[in-house]
Amino acid sequence: MSRPLITENQVREALARGETAIHVQGDPIITPLAATALTDNGIYIVKTGDHGGFAGASEGRGELSPVSVKGYDTKFLLELYATMQRIRGFETAVGLLFKQQRIIGFAHLSIGQEAVPTGVCAALGPEDYLTLTHRGHGQMVARGARLDQMMAELYGKVTGNCKGKGGSVHLHDFQLGILGANGIIGANLVITSGAAMSAKMRGTKQVAVAFFGDGVVNQGAFHEALNIASVMKLPILFVCENNQYAVSMSERDATAAESIAARGRAYLMPGVTVDGQNALAVYETTKTAVERARRGEGPFLIECMTYRSRGHWEGETTELRPESERKQWQERDPIQRLARALIAANPATEDQLRRISDSVRDEVVEAVRFAEESAYPPLAEALRDVWSGEIAITQ
Ligand SMILES: Cc1ncc(C[n+]2csc(CCOP(=O)(O)OP(=O)(O)O)c2C)c(N)n1
Ligand SMILES: [Mg+2]
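Note that this is a predicted model, so its numbers are computed, not measured.

1. Overview of the site of ligand 1
Phase 1 of the analysis: His134, Arg135, Gly183, Gly215 and Tyr245 are the nearest of the 14 residues found near ligand 1.
Phase 2 of the analysis: A distance of 2.8 Å separates an oxygen atom of ligand 1 from a polar side-chain atom of His134.
Phase 3 of the analysis: Between ligand 1 and the protein, one listed contact pairs an oxygen atom with a side-chain N or O atom of Arg135 at 2.8 Å.

Structure, rendered in structure tokens:
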């Protein structure tokens, strides 16, 4: 097959149509003038063959895929819907409680990104491992963690996951295989490689999943983790929640790559971009990646295109992202998209969906009550379970 040619004219035409990518089949020849125009205007070349072939994969970055509920069990679909609502309900409450200073410290919310952890966790088995980011509430909830324990941790109460001493960025649940959220971005990737290596050595068929943000992919830890995973064919899934910003730095301005998925392919593993506002697309790709890893065929990188609707952290007062962009992504709300598909194809009624949201609201209210009524850890416990020498504490 002859290689496609990309000329400067094609780039100008794509630009005039307001497109951000040119799709080609195979490996293109790019003329020097076209190369300059691509770089100057931030237009990507997307090789369709690279992305195709995997369930759920989308052709370009930021493009929506149809939310098609046909062929799925209704119970499964309603579970996905309930999980996304549970994440949204929990985090909406956290945002309010933060404003009221009931919760202090840091809280990074993932409102708008719920389809990613929901789709990923639906494809995992109970024995699998996960490591989470600083924006990890959704990942905890999607895995089935207790809302009351999480809320208590955010309140700094003794009934929390870290006995009130870790807060939002140190959530974990070993019984659910959640090896921990991590405040050091990128650090969880190498920990996940270790977990996957252990599973491989023990022959357990477990898979380890590392969630990470787009802000991680230019760090050494990212490259170390991908390289060793590929060299040793580790059963690991690298799941990028590409919400397009690291604090206020746009991913396009920070990363010299056609896509983050391409970084996976550079390390000789499949790298696929998925519509991260579609829980079913995320689920399908994850399922393929999990099956492949369990067969011993090694790692997989899934780049989920999404957007956070809040600031980097609660308490951030500036908003540097364009209003039009925020509005565009609000219209791609993953919960609304699934709700519309469920109602249109008829496996659920509006009433049924409302009952689910009501019951989630009750769960969140109960979690807040639990946290409010729990005690703070006693002073004598302050240095227990933490990295410290023996120091006597006096009141
Ligand atoms: C090693 C390290 N460098 C810098 C920081 C400060 N920091 C915290 S979150 C963040 C941005 C992370 O962006 P991204 O990975 O895209 O995740 P997102 O916040 O968008 O979910 C930075 C730079 C950190 N926690 N760790
Ligand atoms: Mg980000």
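So that's the structure; there's more coming.
2. What to know about the packing of aromatic side chains
To describe a pair of aromatic rings, you give the distance between the ring centres and the angle between the ring planes.
Phase 1 of the analysis: Inspection of the entire model under this criterion finds eight aromatic pairs.
Phase 2 of the analysis: An angle of 15° between the planes, with centres 5.7 Å apart, marks the rings of Tyr307 and Trp329 as stacked. Within this pair, whereas Tyr307 is found in the loop between strand E11 (300-305) and helix H13 (323-330), its partner Trp329 is found in helix H13, the two being separated by 22 residues in sequence.
Phase 3 of the analysis: For Tyr307, a relative accessible area of 3% corresponds to the buried category.
Phase 4 of the analysis: Each member of the aromatic cluster is reached from another via a ring pair, and the members are Tyr72, Phe76 and Tyr283.
Phase 5 of the analysis: When the ring centre of Tyr376 is taken as reference, the NZ or CZ atom of Lys157 above it lies at 4.8 Å.
Phase 6 of the analysis: For the cation-ring pair, Arg321 lies above Tyr245, with the distance from its terminal atom to the ring centre recorded as 5.7 Å.

3. Notes on the nonpolar core
Phase 1 of the analysis: If you look at the biggest cluster of nonpolar residues, it comprises 68 residues, and the most contacted ones within it are Met151, Leu338 and Leu342.
Phase 2 of the analysis: With 12 residues, the single largest contributor to this core is helix H4 (residues 74-99).
Phase 3 of the analysis: When residues no more than four places from it in sequence are discounted, the contact partners of Leu342 are Val69, Leu77, Leu78, Tyr81, Pro347, Ala348 and Leu353.
Phase 4 of the analysis: Leu189, Ala195, Leu234 and Cys240 belong to the second-largest nonpolar core, a separate cluster that totals 20 residues.

4. A closer look at H4
Phase 1 of the analysis: Between the first and last C-alpha of H4 there are 38 Å, a value that for 26 residues agrees with the 38 Å anticipated at 1.5 Å per step.
Phase 2 of the analysis: Phi for Gln101, located one or two positions after H4, is positive at around 60°.

5. A few points about the coordination of the magnesium ion (ligand 2)
Phase 1 of the analysis: With distances of 2.1 to 2.2 Å, the protein atoms coordinating the magnesium ion (ligand 2) are Asp214 (OD), Asn243 (OD1) and Tyr245 (O).
Phase 2 of the analysis: If you list the donors of the magnesium ion (ligand 2) from N- to C-terminus, the spacing comes out as D-x28-N-x1-Y.

6. Thoughts on the side chain of His312
Phase 1 of the analysis: Its location among the elements puts His312 in the loop between E11 and H13.
Phase 2 of the analysis: Apart from residues no more than four positions distant in its own chain, His312 is found in contact with His108, His134, Arg135 and Val247.

7. Examining the layout of surface pockets
Phase 1 of the analysis: One number sums up the size of the largest pocket: a volume of about 460 Å³.
Phase 2 of the analysis: Taken together, 19 residues line the largest pocket, and the ones lying closest to its centre are Thr20, Gln244, Arg252, Glu325 and Trp329.
Phase 3 of the analysis: Among the elements of the structure, strand E4 (44-47), helix H10 (251-254) and H13 are those that each provide at least two residues to the lining of the largest pocket.
Phase 4 of the analysis: For the lining of the largest pocket, the element with the most residues is H13, which contributes four residues.
Phase 5 of the analysis: Looking at the lining of the largest pocket residue by residue, the class counts come to seven nonpolar, six polar and six charged.
Phase 6 of the analysis: No fewer than three residues from each of domain 1 (1-48) and domain 2 (52-375) sit in the lining of the largest pocket.
Phase 7 of the analysis: Roughly 370 Å³ of internal volume is contained in the second largest pocket.
Phase 8 of the analysis: The wall of the second largest pocket is formed by 20 residues, among which Glu79, Thr83, Val141, Ala142 and Gly144 lie closest to the centre.
Phase 9 of the analysis: Among the elements of the structure, H4, helix H5 (115-122), helix H6 (137-143), helix H7 (147-155) and helix H15 (350-373) are those that each provide at least two residues to the lining of the second largest pocket.
Phase 10 of the analysis: When residues in the lining of the second largest pocket are grouped by element, the largest group, five residues, is from H4.
Phase 11 of the analysis: In the lining of the second largest pocket, the residues fall into 11 nonpolar, three polar and six charged.

8. Section: the pairing of E11
Phase 1 of the analysis: Counting buried positions along E11 yields six of six residues, so the element is predominantly enclosed.
Phase 2 of the analysis: The two faces of E11 match: Phe300, Ile302 and Cys304 on one face and Leu301, Glu303 and Met305 on the other face are all buried.
Phase 3 of the analysis: With six bridges connecting them, strand E7 (residues 236-242) and E11 associate as parallel partners. Residue pairing in the sheet places Cys240 in a bridge with Glu303 of E11.
Phase 4 of the analysis: Across five bridges, strand E10 (residues 271-275) lies against E11 in parallel orientation. Bridging from a neighbouring strand, Thr273 pairs with Glu303 of E11.
Phase 5 of the analysis: For the crossover from E10 across helix H12 (residues 279-294) to E11, the handedness is right-handed.

9. Structural notes on the domain arrangement of the protein chain
Phase 1 of the analysis: Taken domain by domain, the protein chain holds domain 1 (1-48) and domain 2 (52-375).
Phase 2 of the analysis: Distance from the C-alpha centre of domain 1 to the C-alpha centre of domain 2: 32 Å.

10. A word on unusual backbone geometry
Phase 1 of the analysis: In this structure, Gln101 is a non-glycine residue whose phi angle is positive, near 60°.
Phase 2 of the analysis: By the element assignment, Gln101 lies in the loop between H4 and H5.
Phase 3 of the analysis: Looking at Gln101, the relative accessible area reads 63%, which means it is exposed.

11. Details of a nonpolar patch on the surface
Phase 1 of the analysis: Judged by side-chain polarity, Phe174, Leu179, Val190 and Ile191 come together as a nonpolar surface patch covering roughly 350 Å² of accessible area.
Phase 2 of the analysis: Taking relative accessible area as the criterion, Phe174 reaches 59% and is therefore assigned exposed.

12. Focus: the sheet that holds strand E5 (residues 129-131)
Phase 1 of the analysis: Read from one edge to the other, the open sheet built from five strands follows the order E5-E6-E7-E11-E10, with strand pairing classed as parallel. The open sheet has two edge strands, E5 and E10, and neither has a second partner. Adjacent strand axes in the sheet meet at a mean angle of 20°, parallel and antiparallel pairs treated alike.
Phase 2 of the analysis: In the packing of helix H8 (residues 187-202) onto the sheet, contacts are made with E5, strand E6 (208-213) and E7, and the angle to E6 comes to roughly 170°.

Criteria and cut-off values
- Residues numbered from 1 in each chain as written.
- Chains lettered and ligands numbered in written order.
- Predicted model: local features only at pLDDT ≥ 70, side-chain atom pairs only at ≥ 80, totals over all residues.
- Heavy atoms only, no water.
- Near = heavy atom within 4 Å.
- Polar contact = N/O pair within 3.5 Å; in protein donor to acceptor, adjacent residues only side chain to side chain.
- Phe/Tyr/Trp six-rings, centres within 6.5 Å; stacked < 30°, edge-to-face > 60°.
- Helix = DSSP H or I, 4+ residues; strand = E, 2+ residues; numbered from the N terminus.
- Buried < 20%, exposed > 50% of the residue type's maximum accessible area, 1.4 Å probe, protein only.
- Lys NZ or Arg CZ within 6 Å of the ring centre and 35° of its normal.
- Core = buried A, V, L, I, M, F, W, Y, C linked by side-chain atoms within 4.5 Å.
- Contact = heavy atoms within 4.5 Å.
- Expected span 1.5 Å × (residues − 1).
- Donors = N, O, S within 2.8 Å, 3.2 Å for Na, K, Ca; no water.
- 1 Å grid on protein atoms, 1.4 Å probe; cavity = no way out; pocket = protein on both sides within 12 Å on 5 of 7 lines; lining within 4 Å.
- Points joined across faces, edges and corners; volume = space filled by probe spheres on them.
- Nonpolar A, V, L, I, M, F, W, Y, C, P; charged D, E, K, R; others polar.
- Domains from an automatic or database assignment.
- Pairing = 2+ DSSP bridges.
- Right-handed = clockwise from strand over helix to strand, strands pointing away.
- Patch = residues over 30% accessible without salt bridge, like charges linked within 9 Å, V, L, I, M, F, W, Y side chains within 5 Å.
- Areas by Shrake-Rupley, 256 points an atom, 1.4 Å probe, with all protein chains shown as cover.
- Salt bridge = Lys/Arg side-chain N within 4 Å of Asp/Glu carboxyl O.
- Axes fitted to C-alpha atoms, helices over the stretch in contact; angles between N-to-C directions.

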